[in-house]
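# Examination of the molecular architecture
Now for the letters of each chain:
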Amino acid sequence: MLGLNAPIEPPDEASSLGASSQSIPPLTITDPVWKVLVYDKFGQDVISPLVKVNDLRERGVTIQMPLFTDRLPIPDVPAIYFVQPTTDNIRRLGEDFSKRLYDSYYLNFSSTIPRALLEDLASTTISTQVTGDIAQIYDQYLDYVCLDHNLFSLHMDDSYRILNDPSSSDTNIEALLDKIVGSLFSVLVTMGTVPIIRSQRGNAAEVVATKLEARLRDHLLNSKRNLFSDNPAAAGRSAARPVLIILDRNLDLNTMLSHTWTYATLVHDIFDMKLNKLAFLDEEGKRKTFDIDAHDFFWKKNAPNPFPQVAEDVDLEINRYKTDVDQVTKSCGVSSLEEVDPNEFSGGAKGLTSAIKALPELTERKRLLDMHMNIATALLRTIQERHLDQFFAMEEAITKQTKATISEAIRDPAKSPLDKIRLFSIYYLSVDSVTKEDLLEYERLLTEAGCSVAALAYLKQIRAFSRMTIAATVPAAPPTATNDLLYRFSTIGSKLTDHLKDAGVSNHFENLVSGVKNLLPVRKDCPVTRVVDALMENGQGGETEDYLYLDPKMPKVVGGQAGKVPPGKRNAFGEAVVFVVGGGNYLESQNLWEYTQRAGLTRKRITYGSTELITPNTFMLQLEQLGGGAGPSVH
């Protein structure tokens with residue numbers, strides 16, 4: 001799209017969606033086209049996590065502006081528009097046409113533009129006399145937000161509440177489900193594949209699965225241009241088809257409320273990270289904002305790691321940075337990087353050229369380390385203030401908690417009300433021993449502690465409707481390795497203090513690490529991961545045997561065998577797209593990634609997505625809003 005929709009090479013197989021493992025290639029000297037990029041709010045959300053300003057400039061985009069802003073004419077320059085196909089956007093395009101803002105127009109819609117709107121657009125171009133200036137009109141099928149190589153979101157706020165609220169109108173439910181189907185169709189077009197579809201029955205997941213299968217089947221049978229066989233992305237794919245697993249959020253609510261202990265999940269939970277952006281107040285009350293880049297070496301390495309391990313890796317990376325800086329400064333005969341001036345060196349000295357070339361990489365590495373030090377410092381401070389290590393430890397052994405331990409945690413004045421209600425909700429959904437009398441007492445304690453108990457009215461119905469599956473645990477790592485790591489974590493503060501002063505990276509870890517419990521998560525599979533494992537192995541029997549089976553490429557099956565696995569179709573899958581209707585989070589995504597990395601398991605590839613990536617506190621708010629109604633919607 002940024003290259004005016006010129007043909008591109010097939011994507012690297014290591015990347016499922018739009019985020020390739022390499023940065024966007026720069027313009028060649030033969031490409032003189034400089035452009036303006038205009039986007040609506042959704043278009044901006046799609047672009048911002050993946051493409052930074054420098055990347056846009058390398059692709060010839062000199063200016064990028066929102067659609068609904070006052071823009072001055074820029075003659076002799078083509079404009080790329082990336083917008084949703086809506087009535088308001090079409091009307092705004094007509095206003096731009098009438099003002100003759102640009103030399104030519106490359107119109108890119110995030111999803112298929114309906115025929116009625118296409119006719120409105122045609123009428124607008126005729127009435128404004130710019131028909132000859134419309135260079136392209138494309139349906140890009142980018143109706144989703146790609147956040148990482150194997151992670152996407154449909155960016156649909158409040159989806160769980162809408163789908164599970166009995167007061168939601170059938171019209172609103174149907175519109176949301178159709179929008180989900182359209183966005184999933186876009187994901188599959190991007191991947192260049194038509195998958196086998198498996199889904200739960202009797203809920204929104206089944207509705208999405210059947211609607212999606214119908215749309216795929218209709219496209220394959222009736223469309224003049226096949227978006228899958230004619231797709232460059234299909235050229236780089238394996239001949240084996242993946243499985244698309246569609247699940248309903250009510251399969252597991254505990255994962256959505258859990259306190260976590262890995263880097264990415266803590267950042268998402270504590271800082272409400274959206275579109276890879278986060279913000280927080282530092283110790284001095286100053287607001288700090290950061291963008292997490294998909295190519296950030298430290299994030300890629302440490303996002304799934306336990307927080308103690310992340311702190312240890314900061315120490316290792318700072319040591320490495322300091323060593324590399326010393327080599328460069330010695331080669332240039334200066335005492336610090338700030339004194340290195342590439343213009344003063346004409347080359348010739350041994351090692352000097354390579355030292356100068358290393359400067360941009362060292363500068364970027366310092367920026368990233370400084371950013372992650374700021375983030376880790378703020379995480380540590382919040383962990384201490386909210387005692388998140390204690391909540392995490394209790395939830396790791398939630399079925400072993402007693403009425404006394406839960407009551408004590410609720411009464412603790414040092415703990416926040418939101419954390420308390422999250423802990424109790426997980427406990428309530430995980431054990432059978434809470435009697436009606438006990439529940440009344442817990443509600444009294446929670447109310448006295450300042451907690452909203454509105455969500456419990458809904459959770460009572462959920463608990464009665466379907467007992468939550470308790471996550472099965474796998475044996476933890478040997479105690480010797482754990483103790484060794486915990487010892488190193490306990491000494492990290494003093495190490496970082498020294499290294500940061502020498503390396504010039506911001507220094508805030510001192511006196512923060514002490515007092516935080518050093519914990520490593522017990523490895524366990526979330527319910528979603530267990531279901532995915534069973535469906536990818538594709539064996540007979542088990543809890544997933546009754547899951548819906550749909551194949552858009554095969555003749556439609558009717559009668560008693562409809563939706564069942566056909567004979568001879570029991571081969572295991574090597575790739576899966578897992579989609580959760582009603583919201584997901586980083587914890588579930590990481591749990592699936594850990595499953596693919598498991599020793600002794602045939603290497604599998606999983607892409608995870610949901611209607612929205614939602615923090616535990618925001619999900620709790622949706623549960624509270626549902627608390628005034630009955631149980632799960634039957635829509």
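## Considering the pairing of strand E6 (residues 145-148)
Here three bridges tie E6 to strand E7 (residues 151-153), and the two strands are oriented antiparallel to one another. Bridging across to E7, cysteine 146 finds its partner in phenylalanine 152. Taking the residues that link successive antiparallel strands as the turn, the E6-E7 hairpin has two residues.

## Remarks on the confidence of the model for the chain
Here the chain averages 84 in pLDDT, and 80% of its residues register 70 or above. Of the regions scoring below 50 in pLDDT, residues 468-501 engages in 62 contacts with residues more than four places distant in sequence or in other chains. Contacts of residues 629-635 to residues separated by more than four positions or lying in other chains number 21 contacts, the stretch itself having pLDDT below 50.

## Remarks on unusual backbone geometry
With a phi close to 50°, arginine 100 is a non-glycine residue in the positive phi region. Following the sequence through the fold, arginine 100 ends up in the loop between helix H3 (87-99) and strand E4 (102-109). In this structure, leucine 275 takes a positive phi of about 55° despite not being glycine. Here leucine 275 lies in the loop between helix H10 (263-271) and strand E10 (277-281).

## Considerations on the environment of glutamine 129
Here glutamine 129 lies in the loop between helix H4 (115-127) and strand E5 (134-139). Each C-alpha atom, one on glutamine 129 and one on phenylalanine 97, is 8.2 Å from the other, the two residues being 32 residues apart in sequence.

## Topic: helix H22 (residues 586-596)
With eight of 11 residues buried, H22 is to be regarded as a mostly interior element. Of all the residues in H22, the buried ones are Tyr586, Glu588, Ser589, Gln590, Asn591, Leu592, Tyr595 and Thr596. Between a side-chain oxygen at the N-terminus of H22 and the backbone nitrogen of leucine 587 the separation is 3.3 Å; the capping residue is asparagine 585.

## A closer look at the sheet that holds strand E3 (residues 74-83)
Pairing is parallel across the open sheet formed by five strands, whose spatial order is E2-E1-E3-E4-E5. At either margin of the open sheet sits one strand with a lone partner, and together these are strand E2 (61-66) and E5. The average undirected angle you get between the axes of adjacent strands in this sheet is 20°. In this sheet, E2 lies alongside strand E1 (residues 35-39) in parallel orientation, the contact comprising five bridges.

## Examining the environment of valine 77
When you line up the elements, valine 77 lands in strand E3. Put simply, valine 77 and aspartate 103 are 26 residues apart on the chain and 5.1 Å apart in space, counted from C-alpha to C-alpha. In contact with valine 77, other than residues within four places in its own chain, are Trp34, Lys35, Val36, Tyr102, Asp103 and Ser104.

## Comments concerning the sheet that holds strand E13 (residues 575-581)
Consider a sheet: its strands pair through backbone hydrogen bonds, and that pairing is either parallel or antiparallel. Here we have seven strands laid out as an open sheet, ordered E6-E7-E14-E13-E9-E8-E12, and mixed in their pairing. Looking at the sheet topology across the chains shown, the edges are occupied by E6 and strand E12 (548-550). Mean inter-strand twist for the sheet, computed between neighbouring axes without regard to direction, equals 20°. By the bridge criterion, four bridges tie strand E8 (residues 196-199) to strand E9 (residues 243-248) in an arrangement that is parallel. Looking at E9, one finds that arginine 198 is bridged to isoleucine 245. Contacting E8, E9, E13 and strand E14 (605-610), helix H21 (residues 527-537) crosses the sheet at an angle of about 145° to E9. Those strands touched by H22 are E6, E7, E13 and E14, and its axis lies near 170° from that of E14.

## Regarding the pattern of salt bridges
Evaluated as defined, the whole model comprises 35 salt bridges. Note that glutamate 213 is salt-bridged to lysine 556, the shortest N-O span being 3.8 Å. Within this pair, whereas glutamate 213 is found in helix H7 (residues 204-222), its partner lysine 556 is found in the loop between E12 and E13, the two being separated by 343 residues in sequence. The class for lysine 556 is exposed, based on a relative accessible area of 59%. Residues arginine 241 and aspartate 551 are paired through a salt bridge, measuring 2.7 Å at the closest nitrogen-oxygen approach. Taken together, the residues span a long stretch of sequence, with arginine 241 in the loop between helix H8 (232-235) and E9 and aspartate 551 in the loop between E12 and E13 at a distance of 310 residues. One salt-bridge network, held together by shared partners, links Asp269, Arg386, Asp419 and Arg422.

Each value, and the rule that gives it
- Residues numbered from 1 in each chain as written.
- Predicted model: local features only at pLDDT ≥ 70, side-chain atom pairs only at ≥ 80, totals over all residues.
- Heavy atoms only, no water.
- Pairing = 2+ DSSP bridges.
- Helix = DSSP H or I, 4+ residues; strand = E, 2+ residues; numbered from the N terminus.
- pLDDT = per-residue confidence, 0-100.
- Contact = heavy atoms within 4.5 Å.
- Buried < 20%, exposed > 50% of the residue type's maximum accessible area, 1.4 Å probe, protein only.
- Polar contact = N/O pair within 3.5 Å; in protein donor to acceptor, adjacent residues only side chain to side chain.
- Axes fitted to C-alpha atoms, helices over the stretch in contact; angles between N-to-C directions.
- Salt bridge = Lys/Arg side-chain N within 4 Å of Asp/Glu carboxyl O.

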